[in-house]
Amino acid sequence: MKPSTVDAVKPTDFGEKALEKCKHWIVLEPLVYIMPKPDPKQTAKEKLGQYGKGEIVEGDGVRKDGIRWLKTSHEGEEAWILIDGTAVGVDRLFMEPVP
């Protein structure tokens, strides 16, 4: 069985320039939550929605308190998706910039 395109995507150590310039991001995890604010202490109860592995999300990569987030929108309101799992104790990226 051939791996899907998203399965072939391997996380990279993208730099600040990619964080600032990339506008499209691919989800690497089975699920990522869309959250109302950039706070890693939020729980799934507070999620606004979710995206699944392989979906492309449009937004701006930003750092908030040293944590990488994707600033996006959900139903016309500002929303946030965690890019870097280290903020919640997971040593992997949840999203990767699309070149």
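What you are looking at is a predicted structure, and each value in this text was computed from that prediction instead of being measured.

**Some points on the sheet that holds strand 6 (residues 67-74)**
Inference 1: In space, the three strands of this open sheet follow the order 5-6-7, with antiparallel pairing throughout. In this open sheet, the two strands that pair with only one neighbour each are strand 5 (60-64) and strand 7 (77-82). Averaged over all pairs of adjacent strands, the angle between their axes in this sheet comes to 45°, without regard to strand direction.
Inference 2: Bridge analysis of strand 5 against strand 6 gives five bridges, and the strand direction is antiparallel.

**Concerning the pairing of strand 6**
Inference 1: For strand 6, the tally of buried residues reaches six of eight residues, placing the bulk of the element in the interior.
Inference 2: Following strand 5, the chain reverses through two residues before pairing antiparallel with strand 6; Asp65 in that reversal takes a positive phi of roughly 55°.
Inference 3: Bridge count between strand 6 and strand 7: six bridges; the pairing is antiparallel. Paired with Thr72 across the strands is Ala79, a residue of strand 7.
Inference 4: Hairpin connection, strand 6 to strand 7: the antiparallel pair is bridged by two residues, and Glu75 has positive phi, about 50°.

About the thresholds
Residues numbered from 1 in each chain as written. Predicted model: local features only at pLDDT ≥ 70, side-chain atom pairs only at ≥ 80, totals over all residues. Heavy atoms only, no water. Pairing = 2+ DSSP bridges. Helix = DSSP H or I, 4+ residues; strand = E, 2+ residues; numbered from the N terminus. Axes fitted to C-alpha atoms, helices over the stretch in contact; angles between N-to-C directions. Buried < 20%, exposed > 50% of the residue type's maximum accessible area, 1.4 Å probe, protein only.

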